[in-house]
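Fold and geometry: a report
Given next are the chains, with one letter for each unit.
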Amino acid sequence: MLHKGGLTTCMDAAIIFNDRCYGTLNVARIAGRFSEQEAIQLFCIASILGLSFRACDSRSA
């Protein structure tokens, strides 16, 4: 499906909270590889999303 849309490279990062995966953050591009810095940024964003679940979880307690 990505390839049909013209996207040839994709990268995914798990959104994890309390050792449970709640989904993935996905990015794609038309051409070229992702750099190590871009991978680090994606995984940092996914980690921040996972940590934000803690704030939501503490509000319900």
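Residues numbered from 1 in each chain as written. Predicted model: local features only at pLDDT ≥ 70, side-chain atom pairs only at ≥ 80, totals over all residues. Heavy atoms only, no water.

Thoughts on the overall build of the protein chain
The secondary structure content of the protein chain amounts to one helix and two strands. Across the protein chain, helices and strands are ordered from the amino to the carboxyl terminus as β-β-α. Against the globule reference of 10 Å for 61 residues, the protein chain gives a C-alpha radius of gyration of 14 Å, more extended than a compact globule. With the C-alpha coordinates aligned to their principal axes, the bounding extent of the protein chain is approximately 45 × 25 × 15 Å. The burial tally for the protein chain puts 15% of its 61 residues in the buried class. Pairs at least 24 apart in sequence give 39% of the contacts found in the protein chain among residues at least 6 apart. Of the roughly 4,800 Å² of accessible surface on the protein chain, a fraction of 59% belongs to carbon and sulfur atoms. (Helix = DSSP H or I, 4+ residues; strand = E, 2+ residues; numbered from the N terminus. Rg over C-alpha atoms; globule rule 2.2 N^0.38 Å. Buried < 20%, exposed > 50% of the residue type's maximum accessible area, 1.4 Å probe, protein only. Contact = heavy atoms within 4.5 Å. Areas by Shrake-Rupley, 256 points an atom, 1.4 Å probe, with all protein chains shown as cover.)

Concerning the nonpolar core
Counting six residues, the largest nonpolar core is built from Met-11, Ala-13, Ile-15, Phe-34, Leu-42 and Ala-46. For this core, the element with the highest residue contribution is strand β1 (residues 9–17), accounting for three residues. Sequence-distant contacts of Phe-34, defined by excluding residues within four places in its chain, comprise Thr-9, Cys-10, Met-11, Val-27, Ala-28 and Arg-29. (Core = buried A, V, L, I, M, F, W, Y, C linked by side-chain atoms within 4.5 Å.)

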